[in-house]
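# Coordinate analysis (summary)
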Amino acid sequence: VVGVDVVGVVGVGGDEDEGEEGGVEMLEQAVVSAGIQTVDVVVTETIAFHFSSSDVEQEWVTCLNGFVRHDEEEACAHLVHDVKELSPDAFLNLSVGIVPGEVLPNLDVVLLGQENEVSLNAISSDQEVVLLDIWNSECEPCLEALSQYDQLLDDHPEWGEGRVRIVTLNINPSLEDASSALPSLGCSKCTNTWCDPSICQEVLSINSLPCWFLLKQGIIIWRGHHADINVEETISSLLSGGANVIKSVTNEGCIGAVDGLPLLETLSDEGMLQFLGELHERVASLEFPSTCSISCVAENITTINWKGMVKNRRFILAGDSASEEHVHDLVEWIRGTMSGNVFLSFSN
C-alpha cells in the first residue's frame, strides 16, 4: 500500500531464502543459545512518513546491549559474531565486568568534605538498600539527578537510618574538581565520595554516564541509566520485600487504551498495514509549512533475551506548538481510529 514492507520487524539480514522474519528468528536462536542473562538484542524498525510527499523512509537498527561477566566473555564473543553476521551494522553497547547478582567489588574512595579514604564496599553494605550514583560535573543529566536527592530522602522518612543510603561517586579528574563542584548541587544528605576515574572505570566497568547501581544487602540488583527506572517506587518495593526494579514508563502524549478502538500493539499484521496505508495517504496529501517542525513515525520493536522474544509497536506524531493547528484533522482521525501506544505531542 505504501510502497514498502511495513509489517513486522524486518531487514536484519540472514540468507535471502530465510526472509526477514527468519533473520529475527536466527537472532533469537543466537541469544538464547548464548544464555547470557544480562544481555539483550533490540531490533527497531522505524517507518517515517513525510508531509506533502509520497516518500516513506524505512530504517532498521539492531543494538546488542548489556553487561557481561568475565567468565562469559567467550560466549559473548560468539554472540557478537552471530549478531554481526546477521546484522553487520549492529551497535554494540556491552560492558565486561560486574553484573547484577554480584557483590559490589572493593574500591577505595575519598569521602568529600572529610578527605579520608574509605572502602566503597563498606559504606554500601551496612544498609538494606543503597543507590550508588557515578557522576562527573560535565554530565548534565547527572547534575539534575544529584539536585533531587535531598528532597527524595526528605519525602521518605521511613527510609531512615540503616535502611536506605544514597552514595554519590564523583569521577572528575581530580579531588579538587569534585570538592568544588559538590556544594552547589544540593545533595548534602548523601554520602559523597570521589575516586580516580581510570580506577573506577576499571573496577566498576563504567563505559558511559549517567550510571547508577542499586544494591540490596550488598548485592547488585540493577545497573544502568537512571532514566530507565522509577527509583522512588523501586526503593520502596525493595524495602517491602520486592526483588525487581520498576521500569520508568513515559506516558507523555500517550492515548492509551480507549473503549471501542483497537490497540496498536495488538493489531494483526493486516490491521497494521491498513492503518499505515491510510495514514500514509493522509500525511502525503497534507500541505505543511516549512517553518514548522514535525515528525510522524511508526516503530516496530523486537527485544530478544535469553528467555525469548517480545514484540511491541508504537506510533508517534510529535511537533512544535506551531504545527498543531496544521494537523488538527489528522490528529482527530488518529484519535478516532487507534489507541494504545499512540503518542501525540505538540510543545516547544
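Structure shown above.
Residues numbered from 1 in each chain as written. Predicted model: local features only at pLDDT ≥ 70, side-chain atom pairs only at ≥ 80, totals over all residues. Heavy atoms only, no water.

## A few points about the sheet that holds strand β8 (residues 191–194)
The 7 strands lie next to each other as β5-β4-β8-β7-β6-β9-β10, forming an open sheet whose pairing is mixed. What marks the edges here is a single partner per strand, and that holds for β5 (117–119) and β10 (219–224). Between one strand axis and the next, the sheet turns through 30° on average, direction left out of account. As judged from the 5 bridges shared by strand β9 (residues 211–216) and β10, these two strands associate in the antiparallel manner. (Pairing = 2+ DSSP bridges. Helix = DSSP H or I, 4+ residues; strand = E, 2+ residues; numbered from the N terminus. Axes fitted to C-alpha atoms, helices over the stretch in contact; angles between N-to-C directions.)

## Looking at the pattern of salt bridges
Here the structure, examined in full by the defined rule, presents 7 salt bridges. When the shortest N-O distance is used, the salt bridge between Arg69 and Glu72 registers 3.4 Å. One salt bridge in this structure joins Arg282 and Glu278, with 3.3 Å as the shortest N-O distance. Of this pair, Arg282 and Glu278 both sit in helix α9 (residues 269–284), 4 residues apart, which is roughly one turn of the helix. Residue classification places Arg282 among the partly exposed positions, given a relative accessible area of 35%. Each member of the salt-bridge network shares a partner with another, and the members are Arg69, Asp71 and Glu72. (Salt bridge = Lys/Arg side-chain N within 4 Å of Asp/Glu carboxyl O. Buried < 20%, exposed > 50% of the residue type's maximum accessible area, 1.4 Å probe, protein only.)

## Quick look at the environment of Leu107
The topology assignment puts Leu107 in the loop between β3 (91–96) and β4 (108–111). Apart from the residues within four sequence positions on either side, Leu107 is in contact with Val118, Ser119, Leu120, Leu169, Cys195, Ile199, Cys200, Val203 and Leu204. (Contact = heavy atoms within 4.5 Å.)

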